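Residue strings, one per chain:
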Amino acid sequence: MRKIRLSLIAALSADGFISRGRGVPWHLPADQAFFRRVLAAHEWLLVGAQTFAEMQGCFGSAQQVLVLGQRALPSWAGPQCLAVASVTEAMERVAAACGQELLCLGGAMTYAAALPLASQLWLTRVDAALGSGLAFPPLGADWQRQSSRPHAADAQHAHAMNFEHWIRET
Ligand SMILES: NC(=O)c1ccc[n+]([C@@H]2O[C@H](COP(=O)([O-])OP(=O)(O)OC[C@H]3O[C@@H](n4cnc5c(N)ncnc54)[C@H](OP(=O)(O)O)[C@@H]3O)[C@@H](O)[C@H]2O)c1
């Protein structure tokens, strides 16, 4: 298989959770704007079936959305949405179509399956503790943080954040 880059984007709490169980547990417009910018810059997307079910209206018609799981796609899913059975199958499809990069949008089960094959992370660290919920998988020592950009709490943001970019050799 031709090599492609697998990237993940996630927002996680200070104690490592992405959700209390369903949905994103904070309202942070600067993070939403960052997510939309990264999303719009990618043609190929990988998303778990549960997260996909929550994302109606988020995808452009030119984007190819690979949905990880066995279940039938919701009725609103367009022709550019396709179910895949594994992260490897998703990467093979991107490579076969001469794509360069696949962006994984989560959720927790999907991050866990994708992280071992990934070489780039866009992480928003939210300065809030959830205590429990769906965890982002732990990063190995081979991951290196390339940059970190703080965003303070303010009237629109109940929590401070750090926008981090991580890479590793694969
Ligand atoms: N904070 C954030 O950045 C962030 C980002 C994304 C999502 N979230 C939140 O996370 C929650 C969902 O996370 P989740 O873990 O429950 O669901 P998910 O990863 O979105 O989807 C889970 C489903 O994906 C399929 N799947 C996952 N791993 C698989 C594998 N290795 N092989 C084959 N299929 C696989 C299965 O679908 P089938 O059951 O169809 O087989 C599974 O039920 C959402 O509520 C969402 O709001 C937060």
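Structure shown above.
Just so we're clear, the structure is a prediction, and the values are computed from it rather than from any experiment. (Residues numbered from 1 in each chain as written. Predicted model: local features only at pLDDT ≥ 70, side-chain atom pairs only at ≥ 80, totals over all residues.)

Enquirer: Could you clarify how one ought to interpret the overall build of the protein chain in this entry?
Expert: The number of helices and strands found in the protein chain is 4 helices and 10 strands. In terms of overall dimensions, the protein chain has C-alpha extents of about 45 × 40 × 25 Å along its principal axes. Taking all 170 residues of the protein chain together, the buried fraction comes to 29%. When contacts within the protein chain are restricted to residue pairs at least 6 apart in sequence, long-range pairs at least 24 apart make up 67% of them. (Helix = DSSP H or I, 4+ residues; strand = E, 2+ residues; numbered from the N terminus. Buried ≥ 20, exposed ≤ 12 C-beta atoms within 10 Å, placed from the backbone. Contact = placed C-beta atoms within 7 Å.)

Enquirer: Explain the sheet that holds strand β6 (residues 101–104) to me, please; I cannot follow it from the model alone.
Expert: Read from one edge to the other, the open sheet built from 8 strands follows the order β5-β4-β3-β6-β1-β7-β10-β9, with strand pairing classed as mixed. In this open sheet, the two strands that pair with only one neighbour each are β5 (81–84) and β9 (144–151). Each adjacent strand pair in this sheet contributes to an overall mean axis angle of 20°, direction not counted. Packing of helix α3 (residues 87–96) onto the sheet brings it into contact with β1 (5–13), β3 (44–48), β4 (64–68), β5 and β6, and relative to β4 it is tilted by some 160°. (Pairing = 2+ DSSP bridges. Axes fitted to C-alpha atoms, helices over the stretch in contact; angles between N-to-C directions.)

Enquirer: Even after reading the chapter, I still don't get the site of the ligand, so can you show me in this structure?
Expert: In the neighbourhood of the ligand, 26 residues make up the surrounding shell, with Gly48, Thr51, Gly69, Gly106 and Gly107 lying closest. Of all elements in the fold, only β1, β2 (17–19), α2 (49–53) and α4 (108–114) reach the threshold of two or more residues within the shell around the ligand. With 4 residues, α4 is the largest single contributor of residues to the shell around the ligand. Here the residues of the shell around the ligand sort into 12 nonpolar, 11 polar and 3 charged. (Near = placed C-beta within 6 Å. Nonpolar A, V, L, I, M, F, W, Y, C, P; charged D, E, K, R; others polar.)

Enquirer: Teacher, can you tell me more about the nonpolar core here?
Expert: One recurring pattern in soluble globular proteins: nonpolar side chains tend to sit buried together. By size, the foremost hydrophobic cluster in this structure holds 39 residues, and its most contacted members are Leu8, Ala10, Leu46, Leu102, Cys104 and Ala114. Those elements that place two or more of their residues in this core are β1, β2, β3, β4, α3, β6, α4 and β7 (120–126). Ranked by residues supplied to this core, first place goes to β1 with 6 residues. With near-sequence residues (within four places) excluded, Ala10 lies in contact with Ile18, Gly106, Tyr111, Leu123 and Phe136. (Core = buried A, V, L, I, M, F, W, Y, C linked by C-beta atoms within 7 Å.)

Enquirer: Help me understand the pairing of β1, please; the structure alone is not making it clear to me.
Expert: Counting buried residues along β1, 8 of its 9 residues qualify, which places the element largely inside the surrounding structure. As judged from the 4 bridges shared by β1 and β6, these two strands associate in the parallel manner. From the neighbouring strand, Arg5 faces β6, where its bridge partner is Glu101. As paired strands, β1 and β7 are joined by 7 bridges and run parallel to one another. Each residue of the ladder has a partner; that of Ser13, found in β7, is Val126.

Enquirer: Looking at this structure, I do not really get unusual backbone geometry. What am I missing?
Expert: Glycine aside, the phi torsion of most residues is negative, and most peptide linkages are trans. Cis geometry marks the peptide bond from Gly106 to Gly107; its omega dihedral reads 0°. Note on placement: Gly107 falls in the loop between β6 and α4. Although it is not a glycine, Cys98 sits at a positive phi angle of roughly 65°. Its location among the elements puts Cys98 in the loop between α3 and β6.

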